[in-house]
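An overview of the molecular structure
Listed below, chain by chain, are the residues.
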Amino acid sequence: MTTSVPPEPSPTAGASAQNAAPGTAPAAGHAPRRVRVHHLRQAKERGERLTMLTAYDAVTARIFDEAGIDMLLVGDSIGDNMHAHPSTIPVTVDDMIPAVRAVARTARRALVVADLPFGSYEASPAQCLATAVRMLKEAGAHAVKFEGGEHLAEHVRLLTRSGIPVIGHLGFTPQAENILGGKRVQGRGNEAADRLVGDALALADAGAVAVVLEMVPAPLAARVTEVLPVPTIGIGAGSEVDGQVLVWTDMAGMTDWSPRFARRFGEVGRELSAAAGAYAQAVRERTFPSADHAYES
């Protein structure tokens, strides 16, 4: 079958003035082209790797967006990374809304994905829809993500019918860490692996546009990626997935410790500490502010 309309190029393929390749910024003077959900499937079909980072504020959103990151996840990981909670469980919808709003207002190219926090979607598809609507209407998110498999397929189906893109989350699901026995790798053994594959297929069949796989054995993640028609986004799931996501503070070296699956691509925490120390020293030595930083009468 042929068509007279050329296929729409993916924002993750082929750099041009208005269509930057992953990891690159658009040319000056041109508005960047927004990453949309259909581009995610196109990227999978073309074998292109998708990139996702968490972002919780306008400053990091701008930096990551200009760096060419495809998706910005406003994760409930804001709880243990920014709000000093021991886990993501205490995070509320009201905690999430301002963070999502800041990222969505700032990002010009990236697809902005909002996590639905614990207790805000599990009870019923209707509860899930109500929370997701808030993320889009009040905060400006483009898609939502929540944790769980086949038992939440009707939630995914309702949101999809209502025009809200859903990204699934399988493997280690942080909101369920109490029942999982802590931060443990999931999907080991044939039975557990088959169940995870079934969950992934159920989410995709219900309309999920992508599925995050967290802390699952690399061969299992590769198996899910092969059978799933939508992209898989790995975090501690090996390299044979369609994309990767990291918490930005792990990626940038902002913490004293990082999980095994994370790579520190910089030591921003060390640089920030040095900058703060230099500032304090300059103030104490009265070398800042100097005449260059003062206004004349």
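Residues numbered from 1 in each chain as written. Predicted model: local features only at pLDDT ≥ 70, side-chain atom pairs only at ≥ 80, totals over all residues. Heavy atoms only, no water.

Under an unreviewed UniProt entry, the name given to the chain is 3-methyl-2-oxobutanoate hydroxymethyltransferase, and the organism recorded is Georgenia daeguensis. Turning to the chain, the UniProt annotation filed under Pathway (unreviewed entry) states: "Cofactor biosynthesis; (R)-pantothenate biosynthesis; (R)-pantoate from 3-methyl-2-oxobutanoate: step 1/2." If you open the UniProt record of the chain and go to Subunit (unreviewed entry), you find "Homodecamer; pentamer of dimers." (UniProt positions renumbered as here; feature names shortened; annotations may be inferred.)

**Quick word on the packing of aromatic side chains**
Scanning the entire structure with this criterion turns up three aromatic pairs. Both rings, one in tyrosine 279 and one in phenylalanine 288, keep their centres 6.2 Å apart while their planes meet at 65°; by these two values the pair is edge-to-face. (Phe/Tyr/Trp six-rings, centres within 6.5 Å; stacked < 30°, edge-to-face > 60°.)

**Remarks on the pattern of salt bridges**
Tallied over the entire structure, the rule returns 13 salt bridges. Between arginine 62 and glutamate 66 there is a salt bridge, with its nearest N and O atoms 3.4 Å apart. With arginine 62 and glutamate 66 both in helix α2 (residues 58–66), this residue pair falls four residues apart, about one helical turn. Taking relative accessible area as the criterion, arginine 62 reaches 40% and is therefore assigned partly exposed. Owing to a relative accessible area of 47%, glutamate 66 belongs among the partly exposed residues under this scheme. (Salt bridge = Lys/Arg side-chain N within 4 Å of Asp/Glu carboxyl O. Helix = DSSP H or I, 4+ residues; strand = E, 2+ residues; numbered from the N terminus. Buried < 20%, exposed > 50% of the residue type's maximum accessible area, 1.4 Å probe, protein only.)

**Some details on the nonpolar core**
If you look at the biggest cluster of nonpolar residues, it comprises 61 residues, and the most contacted ones within it are Leu72, Met135, Val144, Phe146 and Leu213. For leucine 72, the contacting residues outside a window of four places in its chain are Leu53, Ala55, Ala61, Phe64, Val103, Ala107, Ala110, Leu111, Val112 and Val113. Val35, Leu40, Ala210 and Ile235 belong to the second-largest nonpolar core, a separate cluster that totals 17 residues. (Core = buried A, V, L, I, M, F, W, Y, C linked by side-chain atoms within 4.5 Å. Contact = heavy atoms within 4.5 Å.)

**Digging into the UniProt feature "binding site: 3-methyl-2-oxobutanoate" (unreviewed entry) in the chain**
Those residues carrying the UniProt feature "binding site: 3-methyl-2-oxobutanoate" (unreviewed entry) are Asp76, Ser77, Asp115 and Lys145 in this numbering. For the annotated residues, spread through 70 residues, the largest C-alpha to C-alpha distance comes to 12.3 Å, consistent with a single compact locus. Relative to the helices and strands, aspartate 76 is located in the loop between β2 (71–74) and α3 (78–81). On the accessibility criterion, aspartate 76 (4% relative accessible area) is buried. Dropping the residues within four chain positions of it, aspartate 76 is found in contact with Thr88, Val91, Met96, Asp115, Pro117, Glu147 and Gln175. Within the secondary structure, aspartate 115 sits in strand β3 (residues 111–115). Accessibility expressed as a relative area gives 4% for aspartate 115, which makes it buried. Contacts of aspartate 115, omitting those with residues within four sequence positions, involve Leu73, Val74, Gly75, Asp76, Met96, Met135 and Lys145. For aspartate 115, the side chain forms a polar contact with the main-chain nitrogen of aspartate 76, separated by 2.9 Å. (Polar contact = N/O pair within 3.5 Å; in protein donor to acceptor, adjacent residues only side chain to side chain.)

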